[in-house]
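# Summary of the model geometry
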Amino acid sequence: MLKTIQGIYLNGKIELNEIPENIPPKTPVIITFLPEGNLEDSSHKITNYHDLDFLAGTWTQEDEIEFLGHTNDFSKIDFSVN
């Protein structure tokens with residue numbers, strides 16, 4: 001089982017943001033040091049990948065607005081019984 005928990009390296013020790021549950025004592029771990037910075041800020045960044053754009057093309061903002069306008073009704077749920 002793999003489990004990921006954020007933490008910081010401080011004075012030679014790793015301080016975890018939360019205590020993992022259901023982890024047996026002396027379970028091996030791997031520590032990866034991330035670039036300096038605030039983890040809370042970096043964890044919310046969204047990376048846009050464009051490596052398949054040439055296969056599928058891309059949409060402009062106008063294309064997205066038009067598509068969402070045409071498909072908006074699909075998000076509504078019909079609870080009526082026929």
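Just so you know, these numbers come straight off a predicted model, no measurement behind them. (Residues numbered from 1 in each chain as written. Predicted model: local features only at pLDDT ≥ 70, side-chain atom pairs only at ≥ 80, totals over all residues. Heavy atoms only, no water.)

## Description of the overall build of the protein chain
Counting secondary structure elements, the protein chain contains three helices and two strands. Helices and strands in the protein chain line up, N terminus first, as β-β-α-α-α. Carbon together with sulfur atoms contributes 56% to the accessible area of the protein chain, which is approximately 8800 Å² in total. (Helix = DSSP H or I, 4+ residues; strand = E, 2+ residues; numbered from the N terminus. Areas by Shrake-Rupley, 256 points an atom, 1.4 Å probe, with all protein chains shown as cover.)

## Quick notes on the pairing of strand E1 (residues 7-10)
The sheet contact formed by E1 and strand E2 (residues 13-16) spans four bridges and is antiparallel. Paired with Ile8 across the two strands is Glu15, which belongs to E2. Hairpin remark: E1 followed by E2, antiparallel, with two residues in the connecting loop; positive phi at Asn11, about 55°. (Pairing = 2+ DSSP bridges.)

## Re the packing of aromatic side chains
We describe a pair of aromatic rings using the distance from one ring centre to the other and the angle between the two ring planes. For the structure on display, the rule yields two aromatic pairs. Relative to Phe33, the ring of Tyr9 lies with its centre 5.5 Å away and its plane at 80°, an arrangement referred to as edge-to-face. Of this pair, Tyr9 sits in strand E1 while Phe33 is found in the loop between E2 and helix H1 (39-42), placing the two residues 24 residues apart along the sequence. Here the two residues Tyr9 and Phe33 agree in accessibility, since each one is exposed. (Phe/Tyr/Trp six-rings, centres within 6.5 Å; stacked < 30°, edge-to-face > 60°. Buried < 20%, exposed > 50% of the residue type's maximum accessible area, 1.4 Å probe, protein only.)

## Some details on the confidence of the model for the protein chain
With 85% of its residues at a pLDDT of 70 or more, the protein chain has an overall mean of 80. H1 is the least confidently modelled element of the protein chain, averaging 54 in pLDDT, while helix H3 (residues 61-71) averages 91, the highest of any element. (pLDDT = per-residue confidence, 0-100.)

## Brief notes about the pattern of salt bridges
In the structure shown here, the tally under the stated rule is one salt bridge. In this structure, Lys76 and Asp73 form a salt bridge, with 3.3 Å as the shortest nitrogen-oxygen distance. A single burial state applies to Lys76 and to Asp73, both of which are exposed. (Salt bridge = Lys/Arg side-chain N within 4 Å of Asp/Glu carboxyl O.)

## A short note on the environment of Val29
Relative to the assigned elements, Val29 resides in the loop between E2 and H1. Classification of Val29 by relative accessible area gives exposed; the value is 65%. Measuring from C-alpha to C-alpha, the distance between Val29 and Lys3 comes to 9.7 Å, with 26 residues separating the pair along the chain.

## Overview of a nonpolar patch on the surface
There is a patch of nonpolar side chains on the surface, built from Tyr9, Ile14, Leu16, Val29, Ile31 and Phe33 and spanning about 640 Å² of accessible area. Along the chain, Ile14 falls in strand E2. With relative accessibility at 38%, the residue Ile14 sits in the partly exposed group. (Patch = residues over 30% accessible without salt bridge, like charges linked within 9 Å, V, L, I, M, F, W, Y side chains within 5 Å.)

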